[in-house]
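Notes for the structure review
Chain by chain, the residues run as shown.
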Amino acid sequence: MEAFDPHSALVVVDVQNDFADPAGSLAVRGGAEIVPLVNKAVAAAEAGGALVAYTQDWHPPHTPHFAPDGGIWPVHCVAGSWGAELHPELDVRGPRVRKGSHGEDGYSGFTMRDAVTGETQPTELEGLLRERGVTRVAVCGLATDYCVRATALDAVRLGFTTIVLQDAVRAVDLERGDGERAIAELAEAGVTIESAPVR
């Protein structure tokens, strides 16, 4: 990909224990495999003077987002729990944006949606990027077909030149091929699909 510079940002989406660790409650197959690639992207971003930001699901114990309360997902990333923490091998070099803390769905790093009313509200991520004069955003993390997809679509909608680092993402694939379909949808929406930096 084009080198990072001070007008670009790397957004690392939800590389948390519940998603990235095989023992996590919503483990993504191969999730831990992306951590070294994400760390290389973090190093490249830092070297270029780019902002690195990390998103985290940060849910209450009960939310309409969870299956026991009427949603589709197992309980995951409960605020303050092991599952909600960023993966211990992840190189954390910037601010964290926590989402879903009041029961919202929290798929996108930029917006949260009330699971009952459908009302959306912004997170602080866009503000962090605008303050730094960011115009180009690279997205990596978990999972391709949910939070990566939603974050990248919002980034394009908000006017950022947007890249997804395809080898530094993994999909849930609730239905076979969901990850591939998400990548195709992102490309159709104007997201550039590229490889993560190798050094």
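Attention in this report is confined to the structure presented alongside it. Please read all numbers here as calculations on a predicted model, not as lab measurements.

About the criteria used
- Residues numbered from 1 in each chain as written.
- Predicted model: local features only at pLDDT ≥ 70, side-chain atom pairs only at ≥ 80, totals over all residues.
- Heavy atoms only, no water.
- Helix = DSSP H or I, 4+ residues; strand = E, 2+ residues; numbered from the N terminus.
- Rg over C-alpha atoms; globule rule 2.2 N^0.38 Å.
- Buried < 20%, exposed > 50% of the residue type's maximum accessible area, 1.4 Å probe, protein only.
- Contact = heavy atoms within 4.5 Å.
- Areas by Shrake-Rupley, 256 points an atom, 1.4 Å probe, with all protein chains shown as cover.
- Lys, Arg positive; Asp, Glu negative; His and termini not counted.
- Charge placed at Lys NZ, Arg CZ, Asp CG, Glu CD.
- Phe/Tyr/Trp six-rings, centres within 6.5 Å; stacked < 30°, edge-to-face > 60°.
- Salt bridge = Lys/Arg side-chain N within 4 Å of Asp/Glu carboxyl O.
- Axes fitted to C-alpha atoms, helices over the stretch in contact; angles between N-to-C directions.
- Parallel < 35°, antiparallel > 145°, perpendicular 65-115°, else oblique.
- Nonpolar A, V, L, I, M, F, W, Y, C, P; charged D, E, K, R; others polar.
- Core = buried A, V, L, I, M, F, W, Y, C linked by side-chain atoms within 4.5 Å.
- Pairing = 2+ DSSP bridges.

**Some remarks on the overall build of the chain**
- Counting its secondary structure elements, the chain contains 5 helices and 8 strands.
- Moving toward the C terminus, one meets the helices and strands of the chain in the order β-α-α-β-β-β-β-α-β-α-β-α-β.
- The globule rule puts the C-alpha radius of gyration for 199 residues at 16 Å, and the 15 Å found for the chain is close to it.
- With the C-alpha coordinates aligned to their principal axes, the bounding extent of the chain is approximately 45 × 35 × 30 Å.
- Across the 199 residues that make up the chain, the buried fraction comes to 50%.
- Sequence-distant contacts in the chain: of pairs separated by 6 or more residues, those separated by 24 or more amount to 74%.
- Summed over its atoms, the accessible surface of the chain is roughly 8800 Å², and 51% of this surface lies on carbon and sulfur atoms.
- Charge separation in the chain, taken as the distance between the mean sites of 16 positive and 29 negative side-chain charges, equals 4 Å.

**Considering the packing of aromatic side chains**
- Enumeration according to the criterion identifies 3 aromatic pairs in this entry.
- Look at tryptophan 73 and tyrosine 146: their rings are 4.9 Å apart centre to centre, the planes differ by 90 degrees, and that puts the pair in the edge-to-face class. Here tryptophan 73 is found in the loop between strand S2 (51-57) and strand S3 (96-99), whereas its partner tyrosine 146 is found in helix H4 (residues 144-157), with 73 residues between them in sequence.
- On the accessibility criterion, tryptophan 73 (5% relative accessible area) is buried.
- Through successive ring pairs, a cluster of aromatic residues spans Trp73, Tyr107 and Tyr146.

**Section: the pattern of salt bridges**
- In the structure shown here, the tally under the stated rule is 11 salt bridges.
- Residues aspartate 14 and lysine 99 are paired through a salt bridge, measuring 2.8 Å at the closest nitrogen-oxygen approach. Separated by 85 residues along the polypeptide, aspartate 14 in the loop between strand S1 (8-13) and helix H1 (17-20) and lysine 99 in strand S3 bring together distant segments of the chain.
- Looking at aspartate 14, the relative accessible area reads 0%, which means it is buried.
- Here arginine 113 and aspartate 105 are joined by a salt bridge, their closest N and O atoms 2.9 Å apart.
- The exposure class assigned to arginine 113 is partly exposed, which follows from its relative accessible area of 35%.
- The exposure class of aspartate 105 is buried, given its relative accessible area of 6%.
- One network of salt bridges, with partners in common, ties together Asp14, Asp57 and Lys99.

**A look at the packing of H4 against helix H5 (residues 178-188)**
- Two elements in contact, H4 and H5, have axes separated by 9 Å at closest approach and are oriented at 10 degrees. Considered as vectors, H4 and H5 are oriented roughly parallel to each other. Of H5, the residues touching H4 (which contributes Thr144, Asp145, Tyr146, Arg149, Ala152 and Leu153) are Asp178, Gly179, Ala182, Ile183, Glu185 and Leu186.
- Residue classes in the contact of H4 with H5 are distributed as 6 nonpolar, 2 polar and 4 charged.

**A few points about the side chain of asparagine 39**
- For asparagine 39, the position within the fold is in helix H2 (residues 35-47).
- Residue class for asparagine 39 comes out buried when judged on its relative accessible area of 19%.
- Beyond its immediate sequence surroundings of up to four residues, asparagine 39 is in contact with Glu89, Leu90 and Asp91.

**A look at the nonpolar core**
- Residues Leu10, Val12, Val38 and Leu165 are the most contacted members of the largest nonpolar core, which totals 32 residues.
- For this core, the secondary-structure elements that each account for two or more residues are S1, H1, H2, S2, strand S6 (136-142) and strand S7 (161-170).
- Excluding residues that lie within four positions of it along the chain, valine 12 makes contacts with Val38, Val42, Val52, Ala53, Tyr54, Thr55, Leu90 and Cys140.
- Judged by nonpolar contacts, the second largest core, of 23 residues, contains Ala53, Val97, Cys147 and Val164.

**A short note on the sheet that holds S2**
- Strand order in this open sheet of 6 strands is S3-S2-S1-S6-S7-S8, and the pairing throughout is parallel. Looking along the sheet, the strands with just one partner apiece sit at the ends: S3 and strand S8 (192-194). Neighbour-to-neighbour, the strand axes of the sheet open up by a mean angle of 25 degrees, direction not taken into account.
- Bridge count for S6 against S7 is 6 bridges, and the pairing is parallel. Note that in S7 the partner of valine 137 across the bridge is threonine 162.

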